[in-house]
Amino acid sequence: MATLDIRNLDKHYGAFHALRDINVGIESGEFLVLVGPSGCGKSTLLRAIAGLESVSGGQILIGGRDISRIEPFDRGVAMVFQNYALYPHMTVRQNMGFALKVARQPKAVIDAAVQRAAEILRIEAQLDKKPKALSGGQKQRVAIGRAITRSPEVFLFDEPLSNLDAALRSQMRIELGRLHAQLGATMVYVTHDQTEAMTMASRIVVLRDGEVEQIGSPLELYNRPARRFVAGFLGSPRMNFIQARVRSSTGRIVSLDAPHLDTGAGNAPSLDITLAPDAAVPAPGAPVVVGIRPEAFADGAGVGWQLNGTVAVVESLGRDTLLYIDTGPLRAFDSESLEGYFAVHRTRQMDARHGDAVSVRIDPRHVYLFDDERAIAWPERADD
Ligand code: ATP
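Residues numbered from 1 in each chain as written. Predicted model: local features only at pLDDT ≥ 70, side-chain atom pairs only at ≥ 80, totals over all residues. Heavy atoms only, no water.

Please explain the pattern of salt bridges as it appears in this structure.
It is possible for side chains of opposite charge to pair when their charged atoms get near one another. Applying the stated criterion across every chain, the model contains 23 salt bridges. Glu 53 is paired through a salt bridge with Arg 47; the nearest N and O atoms lie 3.5 Å apart. Note that Arg 208 is salt-bridged to Glu 213, the shortest N-O span being 3.8 Å. By relative accessible area, Arg 208 is classed as partly exposed at 26%. One salt-bridge network, held together by shared partners, links Arg 122, Arg 141, Glu 175 and Arg 178. (Salt bridge = Lys/Arg side-chain N within 4 Å of Asp/Glu carboxyl O. Buried < 20%, exposed > 50% of the residue type's maximum accessible area, 1.4 Å probe, protein only.)

I tried to follow the sheet that holds strand β8 (residues 186-191) on my own but got confused; where do I start?
Hydrogen bonds between backbone atoms are what pair the strands of a sheet, whose relative direction is either parallel or antiparallel. Spatial ordering of the open sheet is given by β6-β7-β8-β3-β9-β10, a layout of six strands whose pairing is mixed. Looking along the sheet, the strands with just one partner apiece sit at the ends: β6 (77-80) and β10 (211-216). Put simply, the sheet's adjacent strands are angled 20° from each other on average, direction ignored. When strand β3 (residues 31-35) meets strand β9 (residues 203-208), the two strands line up parallel, connected through four bridges. Across the sheet, Val 33 pairs through a bridge with Ile 204, a residue of β9. The sheet contacts of helix α1 (residues 42-50) involve β3, β6, β7 (154-158), β8 and β9, and relative to β7 the element is tilted by about 150°. Relative to β6, helix α4 (residues 136-149) is tilted by about 175°, and along the sheet it contacts β6 and β7. (Pairing = 2+ DSSP bridges. Helix = DSSP H or I, 4+ residues; strand = E, 2+ residues; numbered from the N terminus. Axes fitted to C-alpha atoms, helices over the stretch in contact; angles between N-to-C directions. Contact = heavy atoms within 4.5 Å.)

Would you mind showing me how to read the domain arrangement of the chain here?
One frequent convention defines the size of an interface as the accessible area lost when the parts assemble. Per the domain assignment, the segments making up the chain are domain 1 (4-233) and domain 2 (240-377). At the junction of the two partners, domain 1 supplies 10 residues and domain 2 supplies 12 residues. Between domain 1 and domain 2, the buried area comes to about 990 Å², and carbon and sulfur atoms account for 44% of it. Together, Tyr 222, Arg 227 and Arg 228 form the three largest contributors to the area buried by domain 1 at its contact with domain 2, with a combined 63%. Where domain 1 touches domain 2, the interface holds two salt bridges. Ionic pairing is found between Glu 373 and Arg 208, a salt bridge with its closest N-O pair at 3.9 Å. At the junction of domain 1 with domain 2, the criterion picks out seven residue pairs in polar contact (both at pLDDT 80 or more). When contributions to the side of domain 1 that touches domain 2 are tallied by element, the ones reaching two or more residues are α7 (218-223) and α8 (228-233). Here the element with the most residues in the side of domain 1 that touches domain 2 is α8; it accounts for four residues. (Domains from an automatic or database assignment. Buried area = accessible area lost by both parts, 1.4 Å probe. Polar contact = N/O pair within 3.5 Å; in protein donor to acceptor, adjacent residues only side chain to side chain.)

Where do I start with the side chain of Asp 257 in this structure?
When you line up the elements, Asp 257 lands in strand β12 (residues 253-257). Sequence-distant contacts of Asp 257, defined by excluding residues within four places in its chain, comprise Ala 244, Arg 245, Arg 247 and Trp 305.

I tried to follow the nonpolar core on my own but got confused; where do I start?
Within soluble globular proteins, side chains that are nonpolar generally end up buried alongside one another. Judged by nonpolar contacts, the single largest core of 46 residues is most densely connected at Met 96, Ile 144, Ile 148 and Leu 179. Of the residues forming this core, the biggest block, seven residues, is contributed by helix α3 (residues 107-121). When sequence neighbours within four positions are dropped, the list of residues in contact with Ile 148 reads Arg 116, Ala 117, Ile 120, Leu 121, Phe 155, Leu 179 and Leu 183. Formed by 36 residues, the second largest nonpolar core is a distinct cluster that contains Val 254, Leu 256, Ala 276 and Leu 330. (Core = buried A, V, L, I, M, F, W, Y, C linked by side-chain atoms within 4.5 Å.)

I keep staring at the packing of α3 against helix α5 (residues 166-183) and nothing clicks. Help me out?
Relative placement of two packed helices is described by the angle separating their axes and the distance separating the axes. Running from amino to carboxyl end, α3 crosses α5 at an angle of 135°, the nearest separation of the two axes being 11 Å. When the interaxial angle is binned, α3 and α5 end up oblique. For the pair α3 and α5, contact is made by Arg 116, Ile 120 and Leu 121 and by Arg 178, Leu 179, Gln 182 and Leu 183, respectively. Residue composition of the contact of α3 with α5, grouped by class: four nonpolar, one polar and two charged. (Parallel < 35°, antiparallel > 145°, perpendicular 65-115°, else oblique. Nonpolar A, V, L, I, M, F, W, Y, C, P; charged D, E, K, R; others polar.)

Got a minute to help me understand the site of the ligand in this structure?
Residues in contact with the ligand, as listed here, are Tyr 13, Phe 16, Ala 18, Pro 37, Ser 38, Gly 39, Cys 40, Gly 41, Lys 42, Ser 43, Thr 44 and Glu 159. Separating an oxygen atom of the ligand from a backbone N or O atom of Gly 41 is a distance of 3.0 Å. Here an oxygen atom of the ligand sits 2.7 Å away from a polar atom, N or O, in the side chain of Ser 43. Put simply, the parts of the chain that give the shell around the ligand at least two residues each are β2 (16-26) and α1. (Near = heavy atom within 4 Å.)

Mind showing me how you'd approach the environment of Arg 245 here?
You can see Arg 245 is positioned in strand β11 (residues 240-250). Residues Arg 245 and Gly 51 lie 194 residues apart in sequence; the distance between their C-alpha atoms is 49 Å. Residues contacting Arg 245, with those up to four places away along its chain left out, are Ser 255, Leu 256, Asp 257, Gly 285, Ala 286 and Val 288.

Explanation requested: the packing of aromatic side chains in the structure shown.
Centre distance and the angle of the planes are the two values used to describe a pair of aromatic rings. Inspection of the entire model under this criterion finds eight aromatic pairs. Taking the centre distance of 5.7 Å and the plane angle of 40° together, the rings of Phe 157 and Tyr 189 count as tilted. Placement of Phe 157 in strand β7 and of Tyr 189 in strand β8 is noted, with a sequence separation of 32 residues between them. The exposure class of Phe 157 is buried, given its relative accessible area of 0%. By way of ring pairs, the aromatic residues Phe 31, Phe 155, Phe 157 and Tyr 189 are connected into one cluster. Its guanidinium or amino end placed over the ring of Trp 378, Arg 224 lies 3.9 Å from that ring's centre, counting from NZ or CZ. Its end group placed over the ring of Tyr 222, Arg 293 keeps NZ or CZ at 3.7 Å from the ring centre. (Phe/Tyr/Trp six-rings, centres within 6.5 Å; stacked < 30°, edge-to-face > 60°. Lys NZ or Arg CZ within 6 Å of the ring centre and 35° of its normal.)

In structure tokens form, the structure reads like this:
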């Protein structure tokens, strides 16, 4: 297993700049997940590492060796595709051993490698079947097995679970985690699914419009997103955002107003937030964005903003309940529900119904603050 270094990587498709100065260093044995919305460039980056796309500039090094301009087969990588890409006329055994056969390995070596991979993936019983006789999950295991038999220095996965149903997807997430631990392999995994990124990655790279937004461990990105885009991308339901305005500031403490946040007395309290030590203090009147995760709303009276509204939608998840709250003219913006309801996650069963009056509180110690895009304050403890 090897390190992977991506240095100043650029990719143009004609006039279109698909990857812009990408720099990522991947440790040996890391499980790195590339995540981002459709079209952000994650597949292009993975395909550039695999050698299936040429690069316009920069370097890709595996174990210190510059592989950016050598043939795909000689790079020491193996790729697993979303659509499995199995040869239909070959058995599972032949599919899994194919690359070793092309490399003119002796039959005994091929048989041993196929057997070992089949045992790891628990598909020994399928070895003599053709792909058409397999379920989607079994096909995906064969595609992974084909990568394992090549003993690559780096495994590349391009959305390998997106064709599977929800139950199989969560099972395969666990299996891929186990496989990674067992092989100790360097893996790069592309997905647009934030749950896969959060649960499987040792580190996540969030891409947007061909650029790296932020790199970090799942909890680093969840707890301390550097930008609003990252804050909104990781977490389900996503973070609630409120457009606010600076009323005044004293030292590192800013007091915020939000339009339509009136408790009835005609004078809503401000939300007083302590900024990060290196943040620039926004001027009075400046627009800012307050972020609060669905699980971070407080109950009962106390400091901060009280949101009074009605329950618009209830989702009972068994142990947990998700409430979508309609707060009248005060709207969450850029929210999961088009109507701008606030998403509230409660870790209990609730007997709530559409139209019930509800009140939740935004405690200033539990919020994120953005000066539009950049984060300037985070919660004291995100899991508080
Ligand atoms: P998705 O999740 O939808 O697969 P992605 O993040 O993997 O998206 P890419 O497939 O890497 O996105 O594409 C990045 C951008 O490059 C897109 O805007 C896409 O239209 C463009 N692109 C990809 N391949 C080509 C090509 N061969 N020619 C021109 N533009 C391309």
